[in-house]
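# Geometric and topological summary
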Amino acid sequence: MPFQLRLMVVGAPKSGSTALLHHLADHPDLRSHVHREMPFFGRAEEFGRGWGFALEKYFPPGTGDAPLVAKHTMAMYDPASVRRIADSTSAVVVAVLRDPVRRAYSHFHYARLRGWEDAATFEEGLEREAGRPVSSPPLARDLQYVGNGVYAPAVRDLLEVLPPERLRIHTSQELRSEPLRICAELFELAGLPPHEPDTGRSHNEARVPRSAGFARAFLAVQQPGNPLRALASRYVPSRVLYRARHLVNRVNETRAPLAPLSEETARALRRRFAGPNAELADLLGRPLVEWER
């Protein structure tokens, strides 16, 4: 079965990519995956099994040959994923980039929510980052709060691999202020009829774990090699397991505003990102002054 992927959101994590996916999936002709992410292109074993495997694992039954939209926010950091998307699909690729200081802070709190991070403070998490290995392909749970905000190498790879008509890069500020314009252009590039999605709903509101200990314990059950995971995976479809995990995670979450980022930490990070942001601005051919404040 040929790949019917029309639109692929490839990053960055905690930058508005989930909101964009929901906006795009509102199009009546498109189908999206059940899972929060579709890391198919980053997993060589899955990719080798073909698109039929991806449809069975990630998408609702009956998707068939409907045009698809998907998201994997770590794909932009993985040259192999980018190349597979470029070579095996005709999808328009989209990246949403957020002020890396705010993105890093949001990533830390999301990692705490998921049980990946046990550092008590953002500053402690930043100190630990240098000693943490990076997976291959990279994962959000590698906890590269600063590393995932150095966008230039990933953007350079996207620009080199994809032709201009198949690539769009937006900032999260642009997505917030002009979601209908961005979606209209993407639908047109993907060869879809016009549609005005509902962009008024909130996605990925700030949440904290009711119990950080439970979040870490539940994460441990989901790790490869855990006998409970192995048993469940043997008998239950992946998309059903995902829904169950999502429900359990939601029970352990509560909405709460994040505490303000320390001004001292923010200033230190701004200095740290100044060079990478200037390099990114040169690649994009436009200033990123909104990230300097």
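That block above? That's the structure.
Here goes a summary of the coordinates provided.

Packed helices, taken two at a time, are described by their axes: the angle between them and the distance between them. At their nearest, the axes of helix α1 (residues 17–25) and helix α9 (residues 179–189) sit 10 Å apart, and the two run at 60° to each other. Classed by the angle they form, the pair α1 and α9 counts as oblique. Of the two possible hands of crossing, α1 and α9 adopt the one that is right-handed. Contacts between α1 and α9 involve Leu 20, His 23 and Leu 24 from the first element and Pro 179, Cys 183, Leu 186 and Phe 187 from the second. When its residues are assigned to classes, the contact of α1 with α9 shows 6 nonpolar, 1 polar and no charged.

As summarised here, the arrangement of the 4 strands in space is β2-β1-β3-β4, forming an open sheet in which the pairing is parallel. Unpaired on one side and paired on the other, β2 (68–71) and β4 (167–171) mark the two borders of the sheet. Each neighbouring strand pair of the sheet contributes to a mean axis angle of 20°, computed without reference to strand direction. Bridging between strand β1 (residues 5–9) and β2 involves 4 bridges; their strand directions are parallel. Paired with Met 8 across the bridge in β2 is Ala 70.

With that settled, the discussion passes to the nonpolar core. The nonpolar side chains of a soluble globular protein tend to be buried with one another. Ranked by size, the top nonpolar core spans 58 residues in total, and within it Val 10, Trp 51, Met 76, Leu 97, Phe 122, Tyr 151 and Leu 158 carry the most contacts. Take this core: its biggest share by element is 7 residues, from helix α5 (residues 100–114).

The rules behind the values
- Residues numbered from 1 in each chain as written.
- Predicted model: local features only at pLDDT ≥ 70, side-chain atom pairs only at ≥ 80, totals over all residues.
- Heavy atoms only, no water.
- Axes fitted to C-alpha atoms, helices over the stretch in contact; angles between N-to-C directions.
- Helix = DSSP H or I, 4+ residues; strand = E, 2+ residues; numbered from the N terminus.
- Parallel < 35°, antiparallel > 145°, perpendicular 65-115°, else oblique.
- Left-handed = near helix turned anticlockwise from the far one by under 90°.
- Contact = heavy atoms within 4.5 Å.
- Nonpolar A, V, L, I, M, F, W, Y, C, P; charged D, E, K, R; others polar.
- Pairing = 2+ DSSP bridges.
- Core = buried A, V, L, I, M, F, W, Y, C linked by side-chain atoms within 4.5 Å.
- Buried < 20%, exposed > 50% of the residue type's maximum accessible area, 1.4 Å probe, protein only.

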